Amino acid sequence: MLTHAEAKQQILETAGPLSTEECAFSELRGRVLAETIQAPHGMPLFDNSSVDGYAVRAADVVEASPEHPVSLKRLGYIPAGDSGDFELRQGECVQIATGAPLPQGADAVVMKEDCAASEAQIEVRLAVRVAENVRFQGEDIQAGEELLAPGQLLGASQLAVLATMGFPRVTTFRRLTASVVSTGSELLEIDQTPGPGQIRESNRFMLEALLLEEHCQVPLVTKAPDEETALRDVFEQALSCDLALISGGVSVGEKDLTKRVLEEMGVEGIFWKVRVKPGKPLFFGRRGETIVFGLPGNPASSFVLFEEFVRPALRQMQGRSVLEEPMVSATLEDDLRESANRMQFLRAQVRFAQGRYWVRPLPMQGSHSISSLVRGNALIRVEPDSGIIPAGTSMPVRLLQNEI
Ligand code: AMP
Ligand code: MG
């Protein structure tokens, strides 16, 4: 049986990046950049004022103070968007808006609050240094500087930079398509009432939500009973996506047909079973370019396996350089007594207080536990055969995007 690290390595060796394509700006959010973006020009574009005030020659106002204001002649006003066509001489100033171009001859801006204005005369009550309140051309970004790298997810700040630098289209990785199939003859729809032995199923919706949060397209989300023909039918559709997540039926039960049916359909099994808890019976395979995960039906198992294995795989397929969220170190608030001979992922509550993270495992750690899923905002990673770990120990913890 593979260790966590071995399984992850095999997954990352198998799940290669998708092809790339040109993408229009309006479709970029959540895409992954596939090219290097260099600044076509410097920023700011031109010398401009960082405040609302008066553009001056600093030398004119070196003596200015509240007691001895310096009087300057006001030539006019440069609002934002104006070309700023003035030329300042000694004893003159121009009123200027934040972001408006600095006029010729000016080398500083006095804040409006430090001046008193009458018709055409301005009284400056505070001295300014040369360059004060001025943002200079190219000081923030120089032409040719690298701004974005391949593998970066395009979110708010990346879109801002692409827009202001004038990139109406860029090359990105293709959006990943993923399918979700829950298998199990006991599974009902949300609006059905469970009879004996039946349950309303949850995995389909949990996995779909996780995929959507990772910016995947999810054209197929469905369920099928544990019957060969039904499974074949729906698996065939699922395998037309880049990534297929099949939930349930990957263990050793009589009716656990997922693995066998997938393999009969030409899915090459790369591994089955990993030394982790929860989630030992994880099936991983591929057919052509399609990557397939067979996840155990227990909700906590599927969730943990998604976090540990599916997320890095799909991010790598999407071309991302960041394959997982960072882990943090947190201080255990209770003794950990759940030793196992496999690596464990304990659902837990994490909080930040007195300058550090504190973590407390939740009571129900069974792979079927819904309570620990919904009440947990972190996974504590426990190495195999750790024995009892006393409160106060620092533990590696993965923070989850889950409000509790
Ligand atoms: P399996 O992996 O098919 O052996 O299922 C393991 C356990 O998870 C059983 O108790 C199932 O009833 C339950 N289960 C399977 N699929 C789902 C699902 N989609 N949603 C919730 N529970 C499930
Ligand atoms: Mg089952």
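A short tour of the structure in this document, coming up. Everything quoted here is computed from the prediction, not taken from an experiment. (Residues numbered from 1 in each chain as written. Chains lettered and ligands numbered in written order. Predicted model: local features only at pLDDT ≥ 70, side-chain atom pairs only at ≥ 80, totals over all residues. Heavy atoms only, no water.)

Strand order in this open sheet of six strands is β7-β4-β6-β5-β9-β8, and the pairing throughout is mixed. Only two strands of the sheet have a single neighbouring strand rather than two, namely β7 (108–111) and β8 (115–117). Each strand axis lies, on average, 40 degrees off the axis of its neighbour in the sheet, ignoring direction. Bridge count for strand β5 (residues 70–78) against strand β9 (residues 121–124) is four bridges, and the pairing is antiparallel. By the bridge assignment, lysine 73 is partnered in β9 with glutamine 121. (Pairing = 2+ DSSP bridges. Helix = DSSP H or I, 4+ residues; strand = E, 2+ residues; numbered from the N terminus. Axes fitted to C-alpha atoms, helices over the stretch in contact; angles between N-to-C directions.)

This brings us to the sheet that holds strand β17 (residues 243–247). Across the sheet, which stays open at both edges, the six strands sit in the order β16-β13-β17-β21-β20-β18 with mixed pairing between neighbours. The open sheet has two edge strands, β16 (217–224) and β18 (268–272), and neither has a second partner. The average angle at which neighbouring strand axes cross in this sheet is 15 degrees, direction not considered. Packing against the sheet, helix α1 (residues 4–14) makes contact with β18, β20 (283–287) and β21 (290–295), and its axis sits at approximately 155 degrees to β18. (Contact = heavy atoms within 4.5 Å.)

Turning next to the site of ligand 1. In the vicinity of ligand 1 there are 15 residues, among which Glu186, Glu201, Ser202, Gly249 and Gly297 approach most closely. Note that a nitrogen atom of ligand 1 is positioned 3.3 Å from one of the side-chain N or O atoms of serine 182. The separation between an oxygen atom of ligand 1 and a polar main-chain atom of glycine 249 is 2.9 Å. For the shell around ligand 1, the per-class residue count stands at three nonpolar, nine polar and three charged. (Near = heavy atom within 4 Å. Polar contact = N/O pair within 3.5 Å; in protein donor to acceptor, adjacent residues only side chain to side chain. Nonpolar A, V, L, I, M, F, W, Y, C, P; charged D, E, K, R; others polar.)

Attention now goes to α1. When α1 is considered as a whole, its buried residues turn out to be His4, Ala7, Lys8, Ile11 and Thr14. The buried residues of α1 occupy an angular sector of 130 degrees when projected down its axis, which confines them to one face. Of the residues in α1, the exposed ones pointing more than 90 degrees away from the buried face are Ala5 and Glu13. (Buried < 20%, exposed > 50% of the residue type's maximum accessible area, 1.4 Å probe, protein only. Arc of directions from axis to C-beta.)

Counted according to the given criterion, the structure contains three aromatic pairs. A centroid spacing of 5.0 Å and a plane angle of 70 degrees characterise the contact between phenylalanine 352 and tyrosine 357, whose relative ring orientation is edge-to-face. Tyrosine 357 gets classed as partly exposed once you look at its relative accessible area, which sits at 25%. One residue, lysine 259, lies across the ring of tryptophan 272, its end atom 4.6 Å from the ring centre. (Phe/Tyr/Trp six-rings, centres within 6.5 Å; stacked < 30°, edge-to-face > 60°. Lys NZ or Arg CZ within 6 Å of the ring centre and 35° of its normal.)

We now examine a negative patch on the surface. Taken together, Asp47, Glu139, Asp140 and Glu145 make up a surface patch of like negative charges. Its place among the elements puts glutamate 139 in the loop between β10 (134–135) and β11 (146–148). (Patch = residues over 30% accessible without salt bridge, like charges linked within 9 Å, V, L, I, M, F, W, Y side chains within 5 Å. Areas by Shrake-Rupley, 256 points an atom, 1.4 Å probe, with all protein chains shown as cover. Salt bridge = Lys/Arg side-chain N within 4 Å of Asp/Glu carboxyl O. Lys, Arg positive; Asp, Glu negative; His and termini not counted. Charge placed at Lys NZ, Arg CZ, Asp CG, Glu CD.)

What follows deals with the pattern of salt bridges. A complete count under the given rule lists 27 salt bridges for this structure. For glutamate 201, the salt bridge is made with arginine 204, and the minimal N-O distance between the two is 2.3 Å. We note that glutamate 201, like arginine 204, is buried. What you see here is one network of salt bridges that share partners, running through Glu214, Glu307, Arg311, Arg315, Arg320 and Glu325.

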